[in-house]
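Residue strings, one per chain:
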Amino acid sequence: MTIDFAFIFEALIEISKVLPLTLFMTVTPVILGILIGIIVAFVRIQQIKILAPMLNFYVSFFRGTPIIMHIMLVYFGIPIVVDVIAKALKIEYQSSSIPILFFVILALTLSAGAYASEIIRSGILSVPKGQLEAAYAVGLTFSQAMRRYILPQAFSKSIPNFTNVFIGFLHATSLAFFLSVKELTGVANIVASINLKFLEAFIAVGLIYWSVSAIVEWLAHRIEKRVTAYSKGGI
Amino acid sequence: MANDFDFTLIAKVLPILLQYLPVTLEILVFATFFGMLLGIVIAIPKLLHIPVLKQIITIYISFIRGTPILVQLFLVFYGIPALLKLVHIDVTRMDAMYFVIITYTLSNAASFAEIFRAAILTVDRGQMEAAYSVGLSGIQAFLRIVLPQAIRVAFPNMANTMINSLKDTSLAFSIGVMDMVGRGETLIASTTRALEIYLALSIVYFVIVMLLEKVLKLNERYLNRYMPKEAASS
């Protein structure tokens, strides 16, 4: 067996057509995950009763189990819940009409929320307490101080971590292949099976993931340089 | 009816799944061990700035970090037989387990190489100079002075890599390895109860990840035993 380079190129074009779907499946969970993460991080930092232990469990469960398990649990679990609720409320709604993509995005969002909350928590805790006190001293309220001083600093410090999460979830979308979603890996498998050229198709999809990751890393590096320009250090 | 969620089934399948835990741990142990060895080997050219080799390794690490482990698994599964066919070795009948261990080794090696490199760079250059001044040779100075300090710095990141690797082993079933998830899939086929079995699998993974995390934390505390309290308590 020799490697068919022309086919790699062909597969590259064929597979990259679904790149927008993969990007959508990455960006949505990461953004929603960051929103969940902010809420979870605040509850855990403020140690709100009852809620904090529950969210502690949420974070450690999602960080302690493989992402494929989250996808499978959501995919098989949510329809049961939806059916029960629909029956109780006597609504004519079939859980089978929910698109598979929804389950994947929901699972990835829950997962991203757990990872993001840890990053935000460590980001907020890394901002010196004096910053908050200084904000109080000039008469800001807690939420003003958070929005204007603490969170911007916390986020700019967390950019490398968020980049890792983003790339991690870009890679996690490949797991949707197991639910036969037609994203990059799924299409690569289809292209491979049709032409019986598995190695070439997976080389092609590997190249696509690699270049997207490289571009994201480069962009993140530039953003980081911009937003941390205030703390150059030295004189 | 799909609605009657069966708790007893979880308890019933847990012992069956646990019989396959050694397979998962075997992948983890071999991949971590060989990954560390390979990681040390590929960290050296980057530390010593050996031209050509250094660039090749940089590309290798970037590729591993830039592609999903699932794609790497498929690449090794289809790529290694194709490569070995060029030298007329037929491995198409080889146990899928080997492909899995090779993939996770290659993947871990990239992470470990970066961790080792960063850790060695954190050790102050003066330490090496001090070692030379008391008459140690380069290798002695590295092994006795720099490496013990670097391991302490590297350990938390190594622990993270191991935990991620443990979670990644859940994908080994995709090329036909009979590990916990693989056994779970066959149980789903025979019981048609996917949710319960995935819950049981999640519980097993959660527990072993938590245990591994505990063990690694204890080790970390041991490595930090000579450090002043503030730095060690983090």
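In the annotation of an unreviewed UniProt entry, chain B is listed under the name Amino acid ABC transporter permease and assigned to Lysinibacillus agricola. Database annotation for chain B, UniProt heading Sequence similarities (unreviewed entry): "Belongs to the binding-protein-dependent transport system permease family." The UniProt entry for chain B carries the following comment under Subcellular location (unreviewed entry): "Cell membrane".

As annotated in an unreviewed UniProt entry, chain A is Amino acid ABC transporter permease from Lysinibacillus agricola. Here is the UniProt Subcellular location (unreviewed entry) comment for chain A, exactly as written: "Cell membrane". What the UniProt record of chain A gives under Sequence similarities (unreviewed entry) is the line "Belongs to the binding-protein-dependent transport system permease family."

Examining the packing of aromatic side chains
The final tally for this structure, using the stated rule, is 25 aromatic pairs over all chains. Between the aromatic rings of Phe102 of chain A and Phe103 of chain A, the centroid separation amounts to 6.0 Å while the plane-to-plane angle is 70°, which identifies the pairing as edge-to-face. Judged by its relative accessible area of 42%, Phe102 of chain A falls in the partly exposed class. Connected via pairs of aromatic rings, a cluster forms that spans Phe177, Phe178, Phe198 and Phe202 of chain A together with Phe74, Phe77, Tyr78, Phe99 and Phe173 of chain B.

Brief notes about the side chain of Thr26 of chain A
Residues and elements named next belong to chain A. For Thr26, the position within the fold is in helix 2 (residues 19-46). Assessed through its relative accessible area of 0%, Thr26 is described here as buried. In this structure the side chain of Thr26 is engaged in a polar contact, spanning 2.7 Å, whose partner is the backbone oxygen of Thr22. Apart from the residues lying within four places of it in its own chain, the contact partners of Thr26 are Phe166, Phe169, Leu170 and Thr173.

Regarding unusual backbone geometry
Residue and element names in this part refer to chain A. Phi angles above zero are rare outside glycine, and Gln47 is one such case at about 50°. Note on placement: Gln47 falls in the loop between helix 2 and helix 3 (51-64). Here Lys90, not a glycine, exhibits a phi torsion of approximately 55°, which is positive. Topologically, Lys90 is positioned in the loop between helix 4 (67-88) and helix 5 (100-126).

What to know about the interface of chain B and chain A
Taken together, the 35 residues of chain B in the interface contact 37 residues of chain A. Roughly 3,100 Å² is buried in total at the junction of chain B and chain A, and carbon and sulfur atoms are behind 78% of that figure. Along the contact surface separating chain B from chain A lie one salt bridge. Arg65 of chain B serves as the salt-bridge partner of Glu217 of chain A, at 3.5 Å between the closest nitrogen and oxygen. Where chain B meets chain A, there are six residue pairs in polar contact (both at pLDDT 80 or more). Those elements giving two or more residues to the side of chain B that touches chain A turn out to be helix 3 (53-66), helix 4 (69-86) and helix 9 (194-223) of chain B. Here the element with the most residues in the side of chain B that touches chain A is helix 9 of chain B; it accounts for ten residues. For the side of chain B that touches chain A, the class distribution of residues is 24 nonpolar, eight polar and three charged.

What counts and what doesn't
- Residues numbered from 1 in each chain as written.
- Chains lettered and ligands numbered in written order.
- Predicted model: local features only at pLDDT ≥ 70, side-chain atom pairs only at ≥ 80, totals over all residues.
- Heavy atoms only, no water.
- UniProt positions renumbered as here; feature names shortened; annotations may be inferred.
- Phe/Tyr/Trp six-rings, centres within 6.5 Å; stacked < 30°, edge-to-face > 60°.
- Buried < 20%, exposed > 50% of the residue type's maximum accessible area, 1.4 Å probe, protein only.
- Helix = DSSP H or I, 4+ residues; strand = E, 2+ residues; numbered from the N terminus.
- Polar contact = N/O pair within 3.5 Å; in protein donor to acceptor, adjacent residues only side chain to side chain.
- Contact = heavy atoms within 4.5 Å.
- Buried area = accessible area lost by both parts, 1.4 Å probe.
- Salt bridge = Lys/Arg side-chain N within 4 Å of Asp/Glu carboxyl O.
- Nonpolar A, V, L, I, M, F, W, Y, C, P; charged D, E, K, R; others polar.

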